[in-house]
Amino acid sequence: MKYIRKSIQELKEYTVPQDKYEVKLNQNESPYDVPEDLKEEISKRIMDADWNRYPSRTAIPLVEALSGYTNFPAKGIVAANASNEVIQGVFQTICDAGDKLIAISPGFAIYPYLSKIMDLNLIEVPLLEDFSFDVPEIIKEGRDAKMVILALPNNPTGTTIPIEEIAEIAQNINGIFVVDEAYFEFSKKTAISLLDKYDNIIIIRTLSKAFGLAGLRLGYLLTNENIAGAVQKAKLPFSVGILGQIAGEIVLNKKEYIYDVVKKILDEKEKVFSELKQIPTIKPVPSSTNFILFKTQNVPGKELFDEMYRRGVLLRFFNTPRLKNTLRVTIGKPDQNEIFLKTLKEVLQDEKS
Ligand code: PMP
C-alpha cells in the first residue's frame, strides 16, 4: 500500500448492489428501456460508423442535439461520459487540494467521494429535520467557499428549493454554484433562466434517468462559454465514444418517448406515496423525483432492507446515523410498485407479530 495516496487508502469504495432483481428499485433508474425502434436506429448507425476512428472530441452532433433539447447555446454545453464524469471535470476545473467545498447532508454520495479523492475541505450543511434545505446556513458557509454543490432535487431525499432561493445562493457566494439537475425531467424545474444573470452557476444533467440511458453513460453541463471552455480543457478527450454520441443524438432528437415515461412514473409516484402515507409506521418524504425516501418507525432500516431483499425487493439503505431508519425506493413499473407495497406491508405485519 506504500505506493497509494493516503486519501485513496482511506476512501471507502463506492458500491451499490446490482443484482439482477425482478423488483430492482435501488438506483433511481428508469424502469422503461429505450423504445425498440430507437434501439434499432441507433444500432444501424453504429454499424455504419467507423469504429477504427476516434470519435468527435467535443461530440459536436450530440452537443447540437443537447442544444436543441435544452434550448441553450451549444457553446455553453459540455457533454461527457455521464454526469459523474461531468462532476469530476467540474471539481478538477474549479478546486485545488484544501479548497472549501459546501454540500448538504444527506446528499449525493459522489460529492464527498470526489472531495476525498481531491483532498478538498468539505463542509456538509445538514438538512433540516424534514429534509428541507437550510438556505441561510448554506449561504453562511458558502460565502467564502470555492464551490457549493447541491443536487436540486436532492438525492436521496427528493426535496428541493425554489428558483428564488437558487438565485439567492448564487448572488451571495463568491465561488461557483453547481446545481445538479439529474432529476430535472421529473421535477420540471430548472435554473437555466439564471445562467444569463449569474456567471457562477453550472447546471449538470444526465440521460441516465428519464431518458433511460444509465447503461450508455451520457451527461452534460450548461454554463457560460468561459467556464464551459475551461471544463472542456480539463476533461480528458474522447471520453464519449461513438456509441454514446450516436445514441444520445438519436434519443434527444426523438425525445417524445420520455413524455410518456415521465407521466407514467409521476402518476405511479403519487400512488406509491399515498399508499405509503396510509401505513401508520411509515413516513414518506414528499419528492420531486422518481424515488421516495421513507422513514420507518418500528423496524430499523437495515433490518427492513434485508427482509425486503430476502423477499425479492431490492431497495436502497444508507448506512449513516441520520438515515439509519430510512430507506429509498425508486418508482418502478406498476406491477413492481405493487409488489413493493405488498411485500412492505407483509414484512411490517410479520415484524409486529
Ligand atoms: N447526480 C445525482 C443527484 C444523482 O442522483 C446521480 C445518479 N444517482 C448522478 C448525478 C449520476 O448519474 P450518472 O453518472 O449516471 O449521470
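(A) Spatial organisation of the sheet that holds strand 10 (residues 291-296). The strand order 9-10-13-12 describes an open sheet built from four strands, whose pairing is antiparallel. The outermost strands of the open sheet, each flanked by one partner alone, are strand 9 (282-284) and strand 12 (316-317). Sheet analysis places strand 10 next to strand 13 (residues 326-330), joined by five bridges and oriented antiparallel. By the bridge assignment, Leu293 is partnered in strand 13 with Arg328.

(B) Broad picture of the pairing of strand 2 (residues 77-80). Alternating positions in strand 2 separate into two faces, Ile77 and Ala79 on one and Val78 and Ala80 on the other, with burial throughout. Here four bridges tie strand 2 to strand 8 (residues 219-222), and the two strands are oriented antiparallel to one another. Counterpart to Ala80 in the pairing with strand 8 is Gly219.

(C) Spatial organisation of a nonpolar patch on the surface. A cluster of nonpolar residues, Met1, Tyr3, Ile4 and Ile8, forms a patch on the protein surface that exposes about 480 Å² of accessible area. Residue placement: Tyr3 occurs in the segment before helix 1 (6-10).

(D) Structural context of the site of the ligand. Lining the immediate surroundings of the ligand are 13 residues, of which Ser83, Asp180, Tyr183, Thr206 and Ser208 lie closest. At 3.0 Å, a backbone N or O of Asn84 approaches an oxygen atom of the ligand. At 2.6 Å, a side-chain N or O of Thr206 approaches an oxygen atom of the ligand. Protein contact buries 92% of the 400 Å² of open area that the ligand shows by itself. Its residues placed into classes, the shell around the ligand shows five nonpolar, five polar and three charged.

(E) The arrangement of the side chain of Lys235 in detail. Inspection of the secondary structure puts Lys235 in the loop between helix 9 (225-234) and helix 10 (242-253). Here Lys235 is buried and forms no salt bridge, its nearest opposite-charge partner Glu85 lying at an N-O distance of 4.5 Å. Setting aside residues up to four positions removed in sequence, Lys235 forms contacts with Val78, Ala79, Ala80 and Glu85.

(F) Up close: the packing of aromatic side chains. Across all of its chains, the model carries eight aromatic pairs by this definition. For the ring pair Tyr183 and Phe291, a centre distance of 5.1 Å and an interplane angle of 80 degrees mean the geometry is edge-to-face. You can see Tyr183 sitting in the loop between strand 6 (176-180) and helix 8 (184-187) and its partner Phe291 sitting in strand 10, a full 108 residues away along the chain. Each ring, one from Phe305 and one from Tyr309, has its centre 6.1 Å from the other, and the planes form 20 degrees; the classification is stacked. Residue Phe305 and its partner Tyr309 are both found in helix 12 (residues 301-310); the two are separated by four residues, about one turn of the helix. Within the aromatic cluster, the residues linked to one another by ring pairs are Tyr69, Phe211 and Tyr257.

(G) Quick peek at the pattern of salt bridges. The final tally for this structure, using the stated rule, is 23 salt bridges. Between Lys264 and Asp260 there is a salt bridge; the shortest N-O distance is 3.5 Å. Residue Lys264 and its partner Asp260 are located together in helix 11 (residues 257-278), separated by four residues, close to a single helical turn. Judged by relative accessible area, which is 45%, Asp260 ranks as partly exposed. Here the residues in one salt-bridge network are Glu307, Arg310, Arg311 and Asp350, joined through shared partners.

(H) Layout of the nonpolar core. Within the largest apolar cluster, 95 residues are counted, with the highest numbers of intra-cluster contacts made by Phe177, Leu276, Phe294, Leu315, Phe340 and Leu344. A total of nine residues in this core trace back to one element, the largest contributor, which is helix 11. Not counting chain neighbours up to four residues away, the residues in contact with Phe294 comprise Leu276, Ile282, Lys283, Pro284, Leu304, Leu315, Asn325, Thr326, Leu327, Val329, Phe340 and Leu344. Counting 27 residues, the second-largest nonpolar core is a separate cluster that includes Ala80, Val90, Phe91 and Val231.

(I) Highlighting the environment of Pro300. Within the secondary structure, Pro300 sits in the loop between strand 10 and helix 12. Here Pro300 falls in the partly exposed class, since its relative accessible area comes to 37%. Excluding residues that lie within four positions of it along the chain, Pro300 makes contacts with Lys324 and Asn325.

(J) Layout of the sheet that holds strand 2. Across the sheet, seven strands lie side by side as 2-8-7-6-5-3-4; this open sheet has mixed pairing. Edge strands, defined here as strands with exactly one partner in the open sheet, are strand 2 and strand 4 (121-126). On average, adjacent strands in this sheet sit at an angle of 20 degrees to one another, irrespective of strand direction. Relative to strand 5 (residues 147-151), strand 3 (residues 100-105) runs parallel, the two being bridged by two bridges. Counterpart to Leu101 in the pairing with strand 5 is Met147.

(K) Structural context of unusual backbone geometry. Note the cis peptide between Ser105 and Pro106, where omega equals 0 degrees. Tracing the chain through its elements places Pro106 in the loop between strand 3 and helix 5 (110-117). With an omega of 20 degrees, the peptide bond running from Asn155 to Pro156 counts as cis. Of note, the phi angle at Asn28 is positive, near 55 degrees, even though the residue is not glycine. Note that Asn28 resides in the loop between strand 1 (23-24) and helix 2 (36-48).

Quick notes on the rules
- Residues numbered from 1 in each chain as written.
- Predicted model: local features only at pLDDT ≥ 70, side-chain atom pairs only at ≥ 80, totals over all residues.
- Heavy atoms only, no water.
- Pairing = 2+ DSSP bridges.
- Helix = DSSP H or I, 4+ residues; strand = E, 2+ residues; numbered from the N terminus.
- Buried < 20%, exposed > 50% of the residue type's maximum accessible area, 1.4 Å probe, protein only.
- Patch = residues over 30% accessible without salt bridge, like charges linked within 9 Å, V, L, I, M, F, W, Y side chains within 5 Å.
- Areas by Shrake-Rupley, 256 points an atom, 1.4 Å probe, with all protein chains shown as cover.
- Salt bridge = Lys/Arg side-chain N within 4 Å of Asp/Glu carboxyl O.
- Near = heavy atom within 4 Å.
- Polar contact = N/O pair within 3.5 Å; in protein donor to acceptor, adjacent residues only side chain to side chain.
- Nonpolar A, V, L, I, M, F, W, Y, C, P; charged D, E, K, R; others polar.
- Lys, Arg positive; Asp, Glu negative; His and termini not counted.
- Contact = heavy atoms within 4.5 Å.
- Phe/Tyr/Trp six-rings, centres within 6.5 Å; stacked < 30°, edge-to-face > 60°.
- Core = buried A, V, L, I, M, F, W, Y, C linked by side-chain atoms within 4.5 Å.
- Axes fitted to C-alpha atoms, helices over the stretch in contact; angles between N-to-C directions.

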